[in-house]
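Below, each chain spelled out in residue letters.
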There are 2 protein chains.
Amino acid sequence: MTDTTAILAKADENFSASLERLFDLVRIPSISTDPAYKADCSKAAEWLTAALNELGFEATIRDTPGHPMVVAHHAADKPDAPHVLFYGHYDVQPVDPLNLWENDPFSPAVKELEPGRQVITGRGTADDKGQLMTFVEACRAYKDAKGGLPIRITILFEGEEESGSPSLKPFLEANADELKAEFAMVCDTGMWDRETPAIAATLRGLLGEEIIVKAADRDLHSGLFGGAAANPIHILSDILAGLHDETGRVTVPGFYEGVEETPENIKASWETLGRGADGFLGEVGLSVPSGEKGRSVLELTWARPTAEVNGIIGGYTGEGFKTVIAAQASAKVSFRLVGEQDPAKIRESFRAYVRSKIPADCSVEFHEHGASPAILLGYDSDFLTKAKAALSDEWPKPAVVVGMGGSIPIVGDFQKMLGMDSLMVGFGLVDDRIHSPNEKYELASFQKGIRSWIRIIAALAV
Amino acid sequence: MTDTTAILAKADENFSASLERLFDLVRIPSISTDPAYKADCSKAAEWLTAALNELGFEATIRDTPGHPMVVAHHAADKPDAPHVLFYGHYDVQPVDPLNLWENDPFSPAVKELEPGRQVITGRGTADDKGQLMTFVEACRAYKDAKGGLPIRITILFEGEEESGSPSLKPFLEANADELKAEFAMVCDTGMWDRETPAIAATLRGLLGEEIIVKAADRDLHSGLFGGAAANPIHILSDILAGLHDETGRVTVPGFYEGVEETPENIKASWETLGRGADGFLGEVGLSVPSGEKGRSVLELTWARPTAEVNGIIGGYTGEGFKTVIAAQASAKVSFRLVGEQDPAKIRESFRAYVRSKIPADCSVEFHEHGASPAILLGYDSDFLTKAKAALSDEWPKPAVVVGMGGSIPIVGDFQKMLGMDSLMVGFGLVDDRIHSPNEKYELASFQKGIRSWIRIIAALAV
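Keep in mind the model is a prediction, meaning the values are calculated, not measured.

Participant: Could you clarify how one ought to interpret the interface of chain A and chain B in this entry?
Facilitator: Interface size, as often reported, equals the accessible area lost upon joining of the parts. Listed by partner, the interface residues are 72 residues for chain A and 72 residues for chain B. Both sides together, the interface formed by chain A and chain B hides about 5,400 Å², and carbon and sulfur atoms give 59% of it. The interface formed by chain A and chain B holds 0 salt bridges in total. Across the contact surface, chain A and chain B share 38 residue pairs in polar contact (both at pLDDT 80 or more). For the side of chain A that touches chain B, the leading source of residues is strand β11 (residues 306-315) of chain A, giving 10 residues. Residue composition of the side of chain A that touches chain B, by class: 31 nonpolar, 28 polar and 13 charged.

Okay, structure coming up:
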């Protein structure tokens, strides 16, 4: 086990300089979605390239049809050390409405939120400049203290994450050999709470379907036809109501193929987090978990598949009343997938279920809206186990392995295109107001984030 | 039994003059909804008043806040004759798009549709000028042949039927004593087909409810909350799907209280009409009767109550896809009522049913959209029986007693405000294109309509 004491001390010694460097990067308004800031995006890429080169990385700017990528390499001290790819993004969200900001978004400052709690304010401090700089500054402290790095590191900084990453897939494809490592480290997620670091180990997949039920060839008067003519809203309601059984399980045949139970120790660790229905649902004015009975809200949102109707429309929906039987009605339905669920098979099974509910004189039309399987990073991979121990050493409470209900596309891209899993570690908090006015990053997230990466790098080298 | 031979002969002898008079009335563009035609509405009222006075009625124009009413009285030959109120409306629909008319809408003409089938073209020929003139011309032939009328007749012509009849209820209320008769005759409906006259004996009632299901206090991300947070579209679908059981019956408790089976002889007469699902539903691209199993489409639409969802909306309904769990979803639901069904009781029962399906942490809001009970005119009243026989004498096929799926507000107003039932007889056809370009009225409808009223008046006098 590497003794990290000296490296951590170096990081603390350097911390005010680390903070100044983060401020320099935040001052560059690299808003990727607004063409007016194109030069600023390039400037941020250049700033990072220079910083990495200064650190001893071999860093280059790579042009794309959009904003440039930064790619950097650093060898390990010893030949058979692991090789990791670190990913972050230097672009930020727009800042309007500007008048809601208490401080200029591009003039970062340290502010005391409450006694003993300091935050760094500014656009991009949490998403993602502060986060990626924890890693860069960890490498700096490591090199300053040890003269080298114990693992081989490739860095990829993107400048289009906030605008849909149009150049990312072609770039990964064109540079697969250069970028491929044993696994990736993605620093764009959050802590469980201010004392508890988190590693995301699963991401649910997503399957989107739009169904349009068609009945008569025109809208009908419900006085003349009501009681005899098929009503597509009734048919659709029946289809949607039938999607779940009385225990909250999804009824689509074969839906649960490939769904495994979460390991008991993981579920037990979630129980200790003390975030039951009251906390989770209470934030949005609810209290009763819907969905599958007998499972906690964390399990329901992290580790169980779902069917949700995201939108429905049919007939007259304006002010007042119109006694019409609509010619058609439609709904958008999405399925969150886990484990080995196969989106293509589920789509077919769902469509067969829907078709079985359509009367002989009616019809249904389907439109696809994406299909991606769940991403399983495993609860007990070697690198996750090491990172978990390292994080637990740094923070007041042990690290927790969590699931993510939504998706992080880069993780899927790395898995599909480069064949590597990701270690998702980040130090954001839910109240960081990313994408909103008054974005902030905890000063403790930045400092202990740097220290966390030092510990993780050391742990991975062993 | 009055011998009508001479009166019918007089009507035929007068027919070309009757047609000229109808043309005169149609030439007045009495479009009630367009203020530009206000003077023309008054002109039509004056024209009718003059025509009725010339005929020996005591006719007057009555001003209202809108267009004037025409009220006329004519005594019977003998003191204890029945007293009837005849209702029609002289206003017409707008004519746009004008370019779709083959003939000028206010230059009526007789046109041959196919060999042996002539029609009168022009706005208002069928709705309702041609129809009301069948009655006026019947009275004229009667008086010409007999010197008087065998029943006491009050006539009410309205000029706002096509624009919501805002002045009607206050006028009925203010003039109830003058207008009240034993029953009303309303000439604003149609024939079953070109050979079969029809009398409408029932009109379904209508109850409208809007329900808004509310869950979280904001729209949620379905990745983060899906599987744990209540989805109002699911709750609403479940409510709506549960409104009917597998036999198509409405499940709202107590819904069928006051619903009686249609008499077997009436149902048998409907069977002979040969308008099954193929014809009725085939016109709009359907073929399978929905709703209650084991009943004909005519029974379903004329004599059975329904629950129909007229509109539904919730969540994201634009282009593409958005993985949102909506904060609320809403539906507009209407019930068609028959027999003695009580709208107020059904509303309460429906609301209780809906509330029973709302999870503890969600809520529901209701909005009323009208409630009117069914109108039952009876299948075997004395006046209906007489009119049915009279119509059967005139037309190739016997008259049929039908139901109406929708509502005719004037009939409810007469029942509620003047305490009298209506005899609904009219000679329109489904292809008359009322409210559309190229409105027409069959020449046979006009001539045999006049003759029908002569027979009915004679029959009612006995």
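Participant: What's the story with the domain arrangement of chain A in this structure? I'm lost.
Facilitator: For chain A, the domain assignment lists domain 1 (5-202 + 375-461) and domain 2 (205-259 + 305-372). Using only C-alpha atoms to locate each centre, domain 1 of chain A and domain 2 of chain A end up separated by 42 Å.

Participant: Help me understand the relation of the copies chain A and chain B, please; the structure alone is not making it clear to me.
Facilitator: Between the two copies of the chain lies a relationship made up of a rotation around an axis and a movement along it. Between chain A and chain B, the superposition needs a rotation of 180 degrees and an axial shift of 0.0 Å, giving an RMSD of 0.1 Å. One copy is carried onto the other by what is essentially a two-fold rotation axis. Both copies contact each other with a shared surface, as 100% of the interface residues of chain A are interface residues in chain B too.

Participant: So what exactly am I meant to see when it comes to helix α1 (residues 5-26) of chain A here?
Facilitator: Since the α-helix turns once every 3.6 residues, residues separated by three or four places project in the same direction. All names here are of chain A. End to end, α1 covers 30 Å across 22 residues, agreeing with the expected 32 Å (1.5 Å per residue, within 8%). Of all the bends in α1, the greatest measures close to 60 degrees and is centred on Phe15. Ile7, Leu8, Ala11, Asn14, Phe15, Ser18, Leu19, Arg21, Leu22, Phe23, Leu25 and Val26 are the residues of α1 that are buried. Contact partners of the buried residues in α1: α2 (38-54), β4 (109-114), β5 (117-121), α3 (129-146) and α14 (443-461).

Participant: Can you help me understand the pattern of salt bridges in this one?
Facilitator: Where charged atoms of side chains with opposite charge meet at close range, the side chains can pair. Under the criterion given, the structure shown has 78 salt bridges over all chains. Where Lys397 of chain B meets Glu195 of chain B, a salt bridge forms, and the shortest distance between an N and an O atom there is 3.5 Å. Taken together, the positions of Lys397 of chain B in the loop between α12 (382-394) and β16 (400-404) and Glu195 of chain B in the loop between β7 (183-186) and β8 (198-203) put the pair 202 residues apart, joining distant regions of the chain. Take Glu195 of chain B: its relative accessible area is 37%, and that puts it in the partly exposed class. A salt bridge links Lys357 of chain B to Asp238 of chain B; the nearest nitrogen and oxygen atoms lie 3.7 Å apart. With Lys357 of chain B in the loop between α11 (343-356) and β14 (363-372) and Asp238 of chain B in helix α7 (residues 232-241), this pair connects stretches of sequence that are 119 residues apart. Judged by relative accessible area, Asp238 of chain B falls into the partly exposed class, the value being 33%. Residues participating in the shared-partner salt-bridge network are Arg249, Glu261, Glu264, Lys267, Glu292, Arg295, Glu299 and Arg304 of chain A.

Participant: In this structure, what is going on with the packing of aromatic side chains? I would like to understand it.
Facilitator: Geometry of an aromatic ring pair is reported as the spacing of the ring centres plus the angle between the planes. Residue and element names in this part refer to chain B. The final tally for this structure, using the stated rule, is 30 aromatic pairs over all chains. Seen in terms of ring centroids, Phe86 and Trp453 are 5.6 Å apart; in terms of plane orientation they differ by 85 degrees. Their pairing is edge-to-face. On the criterion of sequence distance, the pair formed by Phe86 in strand β3 (residues 83-89) and Trp453 in helix α14 (residues 443-461) is long-range, its members being 367 residues apart. Take Phe86 and Trp453: they sit in the same class, and that class is buried. Positioned above the aromatic ring of Tyr256 is the side chain of Arg249, whose terminal nitrogen or guanidinium carbon lies 3.9 Å from the ring centre. The side chain of Lys448 reaches across the aromatic face of Trp395, ending 5.2 Å from its centre.

Participant: Quick question: what am I supposed to make of the sheet that holds β14 of chain B here?
Facilitator: Backbone-to-backbone hydrogen bonds pair the strands of a sheet. The strands run either parallel or antiparallel. A sheet is described by the order of its strands in space; here 8 strands give the open sequence β14(A)-β9(A)-β13(A)-β11(A)-β11(B)-β13(B)-β9(B)-β14(B), paired in antiparallel fashion. Of all the strands in the sheet, the pair left with one neighbour each is β14 (363-372) of chain A together with β14 of chain B. Shown here is a sheet whose adjacent strand axes are inclined to one another by a mean of 20 degrees, direction ignored. Relative to strand β11 (residues 306-315) of chain B, β11 of chain A is paired through 5 bridges, and the arrangement is antiparallel.

About the criteria used
Residues numbered from 1 in each chain as written. Chains lettered and ligands numbered in written order. Predicted model: local features only at pLDDT ≥ 70, side-chain atom pairs only at ≥ 80, totals over all residues. Heavy atoms only, no water. Contact = heavy atoms within 4.5 Å. Buried area = accessible area lost by both parts, 1.4 Å probe. Salt bridge = Lys/Arg side-chain N within 4 Å of Asp/Glu carboxyl O. Polar contact = N/O pair within 3.5 Å; in protein donor to acceptor, adjacent residues only side chain to side chain. Helix = DSSP H or I, 4+ residues; strand = E, 2+ residues; numbered from the N terminus. Nonpolar A, V, L, I, M, F, W, Y, C, P; charged D, E, K, R; others polar. Domains from an automatic or database assignment. Least-squares fit on C-alpha atoms with pLDDT ≥ 70 in both. Expected span 1.5 Å × (residues − 1). Bend = angle between axes of the 7 residues up to and from the residue. Buried < 20%, exposed > 50% of the residue type's maximum accessible area, 1.4 Å probe, protein only. Phe/Tyr/Trp six-rings, centres within 6.5 Å; stacked < 30°, edge-to-face > 60°. Lys NZ or Arg CZ within 6 Å of the ring centre and 35° of its normal. Pairing = 2+ DSSP bridges. Axes fitted to C-alpha atoms, helices over the stretch in contact; angles between N-to-C directions.

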